[in-house]
Amino acid sequence: MAYVVIKCGGSILHQLPDAFFENLVQIKARFGLEPVIVHGGGPAISAMLEKMQIKTQFKNGLRVTTEPVLNVVEMVLSGSINKWITRRLSQAGAKAVGISGTDSRLLTARKIETPNLGYVGEIESVNEQVLLALLRQQFIPVISPVATDKNGQRLNVNADLAAAAVARKMNARVWMVTDVPGVMMEGKVLPYLTPGQVDGLIQKQVITGGMIPKVRAAAECIRSGVKEVVIVDGTEEDSLLFLAGGGKTGTKFTGNGVLIDG
Ligand SMILES: Nc1ncnc2c1ncn2[C@@H]1O[C@H](COP(=O)(O)OP(=O)(O)O)[C@@H](O)[C@H]1O
Ligand SMILES: CC(=O)N[C@@H](CCC(=O)OP(=O)(O)O)C(=O)O
């Protein structure tokens, strides 16, 4: 079976048209691709934290996660956002099941060692049996990226990194759906990138903020043998069908891409 992990970024979620969810259902019928959704929700978490007057900050695209922040992260991601996506998919005719990385140890993580990041995790293992069981019964899994460590402590995992871990485990293609047409440099989309180019672009601050974990996750995928990682604009019409059919859009990560000057 061919799987595709579709990472839906919080930046774009609420602008995704009905057609996006309908396309998601069609890629299975028309191209035999089985979708697994991993979603973010950064802006919704920030909005809720602001409402609750809890301060929040990011380091290299990762949210500093104290205990009160962690409570809000889980409430928003595994609660409202996860259920909102499954509702949209159900409306589009899919059998969607929303689960969190803490269910049945789907995502096990360890605390990232960067000092003062708090309860932020990096994925150690993915229990793909849960996903395979759902997929066998024609369900589309919709995953919230909250994980647990080996002691059962909840950890906040960046959704790009969670999507990469799931894709590596399932040997799936990866489409990262976001609010920009790809990785941009000097106002233009970079059509191709290789893992080796990523660190330089971050150092030169061509890539900043939320794009940092995205390109790092993409590079990690390619280095471990994932065949296709594409960063794509969620509002681009029929982009999922286009990608499923082998079309080229957004920024594609490859083992040997086009070199960037400088
Ligand atoms: N070189 C770059 N190309 C495109 N976007 C970039 C770049 N550097 C930083 N960004 C920022 O990254 C954002 C996407 O990351 P993020 O907001 O975390 O999205 P998502 O919620 O989809 O994961 C873009 O909206 C843009 O502001
Ligand atoms: C550790 C960390 O930064 N976790 C993210 C999880 C959500 C996410 O990744 O959402 P996007 O895909 O919209 O960025 C956060 O707290 O915002």
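For clarity, every value in this text was computed on a predicted model and none was experimentally measured. (Residues numbered from 1 in each chain as written. Chains lettered and ligands numbered in written order. Predicted model: local features only at pLDDT ≥ 70, side-chain atom pairs only at ≥ 80, totals over all residues. Heavy atoms only, no water.)

Q: I'd like a rundown of the overall build of the chain, residues and numbers included.
A: Of regular secondary structure, the chain possesses eight helices and 16 strands. Relative to the compact-globule value of 18 Å for 262 residues, the chain shows a C-alpha radius of gyration of 17 Å, a close match. Overall, the chain is about 50 × 45 × 30 Å in size when its C-alpha atoms are taken along their principal axes. Per-residue burial for the chain yields a buried fraction of 53% across its 262 residues. Taking all contacts inside the chain whose residues are at least 6 apart in sequence as the whole, residues at least 24 apart take part in 74%. Counting only carbon and sulfur atoms, one obtains 49% of the accessible surface of the chain, whose full area is about 11800 Å². Charge centroids of the chain, computed over 28 positive and 23 negative side chains, lie 3 Å from each other. (Helix = DSSP H or I, 4+ residues; strand = E, 2+ residues; numbered from the N terminus. Rg over C-alpha atoms; globule rule 2.2 N^0.38 Å. Buried < 20%, exposed > 50% of the residue type's maximum accessible area, 1.4 Å probe, protein only. Contact = heavy atoms within 4.5 Å. Areas by Shrake-Rupley, 256 points an atom, 1.4 Å probe, with all protein chains shown as cover. Lys, Arg positive; Asp, Glu negative; His and termini not counted. Charge placed at Lys NZ, Arg CZ, Asp CG, Glu CD.)

Q: Which residues make up the packing of aromatic side chains, and what are the values?
A: One pass over the full model with this rule turns up two aromatic pairs. Ring geometry for F20 against F21: centres 5.3 Å apart, planes inclined by 80°, an arrangement best described as edge-to-face. Ring geometry for F21 versus W84: centroids 6.3 Å apart, planes at 80°, classification edge-to-face. In this pair, F21 sits in helix α1 (residues 18-31) while W84 sits in helix α3 (residues 67-91), placing the two residues 63 residues apart along the sequence. In this structure W84 comes out as buried when scored by relative accessible area, which is 17%. Taken together, F20, F21 and W84 form an aromatic cluster joined through their ring pairs. A cation over a ring is seen here: K95 above F139, with NZ or CZ 4.3 Å from the ring centre. (Phe/Tyr/Trp six-rings, centres within 6.5 Å; stacked < 30°, edge-to-face > 60°. Lys NZ or Arg CZ within 6 Å of the ring centre and 35° of its normal.)

Q: Hey, could you go over helix α4 (residues 128-136) for me, with residue numbers and the actual values?
A: Those residues of α4 lying buried are E128, V130, L131, L132, L134 and L135. Elements that come into contact with the buried residues of α4 comprise β1 (2-8), β2 (33-39), β5 (96-100), β7 (121-126), β8 (140-144) and α5 (159-170). A positive phi of about 70° marks Q138, the residue just after α4.

Q: For the site of ligand 1, give the residues involved together with the corresponding values.
A: In the vicinity of ligand 1, 17 residues are found, and the nearest of them are S11, T178, D179, V206 and K214. In the model, a nitrogen atom of ligand 1 is placed 2.8 Å from a nitrogen or oxygen of the V206 main chain. When isolated, ligand 1 has an accessible area of 570 Å², and the protein chains bury 75% of it. Given that more than half its atoms are within 2 Å of the pocket grid, ligand 1 belongs to the largest pocket. (Near = heavy atom within 4 Å. Polar contact = N/O pair within 3.5 Å; in protein donor to acceptor, adjacent residues only side chain to side chain. 1 Å grid on protein atoms, 1.4 Å probe; cavity = no way out; pocket = protein on both sides within 12 Å on 5 of 7 lines; lining within 4 Å. Sits in = over half its atoms within 2 Å of the grid points.)

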